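Listed below are the residues making up each chain.
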Amino acid sequence: MTFEIGKIGVWRPKQLTDDKLAVRLEGLGYGALWVGSSPSLVSEIGQLESLLAATSTLVVGTSIANIWSDDPASVGAGYHRLADKYPGRFLLGIGAGHPEATQEYKKPYQALVDYLDGLDAAGVPVESRALAALGPKVIKLSGDRTAGALPYLTTPEHTRQARELLGADKLLVAEQKVVLGEERERALAIAREAVRNPYLSLVNYTTMLRKLGFTDEDLADGGSDRLIDALVTQGDAETIARGLRAHLDAGADHVAVQVLGENLDYAAVISAFR
């Protein structure tokens, strides 16, 4: 299965995603809509199907479906329902989530391996699924057992490292938060709140950020300006576009843009990107 997702897509929480947004993004030329906030393929398949039905070319991906929420057989059945009706337009993103948010969380690497085995048994093709991946072991697993990796809350340097681990032929989608068109102090406040809650209290992210060279001081008190600027691109559309291209230059195939705040001018972002 070949997915035509282009260079740029949009990441949006499931509760803020609807058919109208999907139609608008497709019309603007975005290649993919990544439905975030741990959508359950089983209980929320109706929303995903509606997004696909409302559009004709837009690829819809889960970013990510939590493996602790639904068993792989049920997810496999949901995948086939969507993929059979909309071939080449649904990409199943899965991940293990975070120990702070999941009571069942234990031995996440082995749980991912077992889950992928279950998806194999359910007939979900390797090329139609991707894995949330931050650390090297899971990045390598995503390259071995799926179409590729969906890192979140990362920097172009992390993208460069992930590409080296994945090799040249695997999909690498980098999520990038942006604040568009706000004055500096307001943009920084919006960005800091989005990073602070919940990510700076989640060990998966703080471990990754320390490995990228950020210190305890950077992670304290909602995040230093240095940390926030590294994780959230702020400025006018041209500045945003440069931040997105930095991931592509570092080896990403596609950037999933998450626009924070009230200025959701997706037209300006994609126009400047081009």
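Check the entry above for the structure.
Residues numbered from 1 in each chain as written. Predicted model: local features only at pLDDT ≥ 70, side-chain atom pairs only at ≥ 80, totals over all residues. Heavy atoms only, no water.

## Re the nonpolar core
Looking at soluble globular proteins, one finds that nonpolar side chains tend to be buried together. The line we're drawing: Residues grouped as a nonpolar core are buried Ala, Val, Leu, Ile, Met, Phe, Trp, Tyr and Cys residues, joined through side-chain atoms within 4.5 Å. Each residue is assigned to one of three classes by its accessible area relative to the maximum for its type, calculated with a 1.4 Å probe on protein chains only: buried under 20%, partly exposed between the two thresholds, exposed over 50%. Each helix corresponds to a stretch of at least 4 residues labelled H or I by DSSP, and each strand to a stretch of at least 2 residues labelled E; elements are numbered beginning at the N terminus. Should any heavy atoms of two residues lie within 4.5 Å, those residues are counted as being in contact.
Judged by nonpolar contacts, the single largest core of 56 residues is most densely connected at L92, I94 and L244. Top contributing element to this core by residue count: helix α4 (residues 108–121), with six residues. Setting aside its immediate chain neighbours within four residues, L244 contacts I8, Q176, V178, V255, V257, V269 and F273. A32, W34, L171 and L200 belong to the second largest nonpolar core, which has 37 residues in total.

## Points about the pairing of strand β3 (residues 59–63)
Filter applied, for reference: Here the term right-handed applies to a crossover when the path leading from its first strand over the helix to its second strand runs clockwise, the strands being oriented away from the viewer. When DSSP finds two or more bridges between a pair of strands, those strands are recorded as paired.
Of all five residues in β3, five are buried; the element is thus mostly enclosed. By the alternation rule, side chains of β3 split into V59, G61 and S63 and V60 and T62, which are all buried. Of the crossover connections in this fold, the one passing from strand β2 (residues 32–36) over helix α2 (residues 45–54) to the parallel β3 is right-handed. Of the pairings in the sheet, the one linking β3 to strand β5 (residues 90–95) comprises two bridges and is parallel in character. What sits directly across from V60, in β5, is F90.

## Here's the deal with the pattern of salt bridges
Stated precisely, the cut-off is as follows: When a carboxyl oxygen of Asp or Glu lies within 4 Å of a side-chain nitrogen of Lys or Arg, that pair is called a salt bridge.
This structure, assessed with the given rule, holds 15 salt bridges. Notably, a salt bridge pairs R160 with E164, separated by 2.6 Å at the nearest N-O pair. Note that R160 and E164 are positioned in helix α6 (residues 156–166) at a spacing of four residues, about one turn of the helix. When salt bridges with common partners are traced through the structure, they connect D117, D120, R129 and R145 into a single cluster.

## Details of α2
We apply this condition: In this description, one arc is meant: the one made by directions from the helix axis to the C-beta atoms.
Residues of α2 that are buried include every one of I45, L48, E49, L51 and L52, and no others. Within α2, the buried residues cover an arc of 155° as seen down the axis, which keeps them to one side. Turning to α2, the residues buried within the fold contact α1 (19–28), β2, β3, α3 (72–85) and β5.

## Examining the environment of A252
Tracing the backbone shows A252 in the loop between α11 (237–250) and β10 (254–260). Along the primary structure A252 and S37 are separated by 215 residues, whereas in three dimensions their C-alpha atoms are 22 Å apart. A252 has contacts with T159, L172, A174 and H247, leaving out every residue within four places of it along the chain.

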